[in-house]
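Fold and contact review
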Amino acid sequence: MKYVDEYRQKDIAQGILASIRALSTKRAAIMEICGSHTHSISKYGIRDVLPQTIRLISGPGCPVCVTSAGDLNRIIDFIRRERNIITATFGDMMRVPGSASSLQEEKARGSDVRVVYSPMDTLALAATHPGKEVLFIAVGFETTAPTVAATMIMARDRGIKNLSFLSLHKLTPPAMRALLDSGEVELNGFLCPGHVTAVIGAGAYRFIADDYHAPCIIAGFEPLDVLQGIHMLAAQIEAGRAAIEIQYTRVVTEEGNRKAQEVVQQVFGTADASWRGIGMIPSSGLKIRESFGAFDAEQRFALGAGSDEEPPGCSCGDIIKGVMSPYECPLFGSSCLPESPQGPCMVSSEGTCSAYYKYGRNKQ
Ligand code: SF4
């Protein structure tokens, strides 16, 4: 199969691995900040075959996982109060535990909560339910925001009045800065997300090399992409360099997708945002501009504030920050399983605990 098999060839992988082993002498902690990288690394056993000098740390790469308990709890409080609402969201959000309930449990109790596969699906929902308010819970990083913004523009152009969006979008570079500033986890470089960077452009990470002297490699998601990305990081670390380099040149450019950036700019401005485990990070979220206020759930409804209490015993906050491995959580693989998740990192298909459980539960 073209464009997949080429990036999974065993002999080439072994060659890159041998080269990493030959060149890596300095201890290097490298964070992958994308859930798809975490899954690829776990699926192909890459963590296990690297030299001992290189430690891969999984970071805040899952949009569902980084949604704060406070945001989830206030959504649940709201839909319990307001019965004329259809709540629409992505499937992974349904089972994320809040402090005392989840959207799935609220659906079972009678709230009208629906899974959509695209934000665009909400246009049809609103059109076919004119007597109801449709609320879309908009989670996701820079990759999801352009589609949500485009949906809002279409809703405005079609004159739709009963559709609103709760923007819980998160931005990747500010979270990387927050992790570096926190000093909670020692990091020597980043494996940066290919899809996010296809939108924002590699230039968005320049401050990480300039201010923190940490190299960034933007890598694709196939095993050879990841290994080559690690090789490029190791080469920079050995040479004492810190630069932003693109391994994923078939998709990513320095400036990113200008059209997608314009659509996002038209609808959203930046705002402080609350991340599960990390807390409030300045300018790390997207808020809906005044000109689209008619679609902003924050302006249209009294959503209130939710309790920030985490699910009991869950260590997802530390997993998201990279200060703890899933294997260190006492609930991992016992009371916390994919079919009975205690925290978002086990729920989501992009979650770190989910990846470690699916591909490495016997390695504890
Ligand atoms: S194993 Fe479960 S409870 Fe523990 S951190 Fe992961 S998701 Fe949370």
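Overview of the structure.

Cut-offs applied
Residues numbered from 1 in each chain as written. Predicted model: local features only at pLDDT ≥ 70, side-chain atom pairs only at ≥ 80, totals over all residues. Heavy atoms only, no water. Near = heavy atom within 4 Å. 1 Å grid on protein atoms, 1.4 Å probe; cavity = no way out; pocket = protein on both sides within 12 Å on 5 of 7 lines; lining within 4 Å. Sits in = over half its atoms within 2 Å of the grid points. Helix = DSSP H or I, 4+ residues; strand = E, 2+ residues; numbered from the N terminus. Nonpolar A, V, L, I, M, F, W, Y, C, P; charged D, E, K, R; others polar. Pairing = 2+ DSSP bridges. Axes fitted to C-alpha atoms, helices over the stretch in contact; angles between N-to-C directions. Contact = heavy atoms within 4.5 Å. Phe/Tyr/Trp six-rings, centres within 6.5 Å; stacked < 30°, edge-to-face > 60°. Buried < 20%, exposed > 50% of the residue type's maximum accessible area, 1.4 Å probe, protein only. Points joined across faces, edges and corners; volume = space filled by probe spheres on them.

1. Some thoughts on the site of the ligand
Lining the immediate surroundings of the ligand are 13 residues, of which Cys314, Cys316, Cys329, Cys336 and Cys353 lie closest. Put simply, the ligand lies in the largest cavity. The set of elements that each furnish at least two residues to the shell around the ligand consists of helix H15 (316–321) and helix H16 (344–347). Split into classes, the residues belonging to the shell around the ligand amount to 10 nonpolar, three polar and no charged.

2. Notes on the sheet that holds strand S9 (residues 244–246)
Paired through backbone hydrogen bonds, the strands of a sheet run either parallel or antiparallel to each other. Within the open sheet, the five strands sit side by side as S2-S1-S7-S8-S9. Their pairing is parallel. The open sheet is flanked by strand S2 (54–58) and S9, the only strands paired with a single partner. Each adjacent strand pair in this sheet contributes to an overall mean axis angle of 25°, direction not counted. Taken strand by strand, helix H12 (residues 223–239) contacts strand S1 (28–32), S2, strand S7 (189–193), strand S8 (216–219) and S9, and its axis lies near 165° from that of S8.

3. Description of the packing of aromatic side chains
One pass over the full model with this rule turns up eight aromatic pairs. Considering the side-chain rings of Phe141 and Trp275, the 6.2 Å spacing of their centres and the 35° angle between planes classify their relative orientation as tilted. Taken together, the residues Phe141 in the loop between strand S5 (133–138) and helix H8 (145–158) and Trp275 in strand S10 (residues 268–275) connect sequence positions 134 residues apart. The pair formed by Phe141 and Trp275 is uniform in burial state, with each residue classed as buried.

4. Let's talk about empty space enclosed by the protein
If you walk through the whole model with that rule in mind, you get four cavities of 30 Å³ or more. Considering only enclosed or pocket space, the largest cavity measures out at about 90 Å³ in volume. Along the wall of the largest cavity there are 13 residues; nearest its centre are Cys314, Cys316, Cys329, Cys336 and Cys353. Residues belonging to the lining of the largest cavity are distributed by class as follows: 10 nonpolar, three polar and no charged. What lines the second largest cavity is simply Ile33, Pro60, Phe141, Thr172 and Met176. Residue composition of the lining of the second largest cavity, by class: four nonpolar, one polar and no charged.

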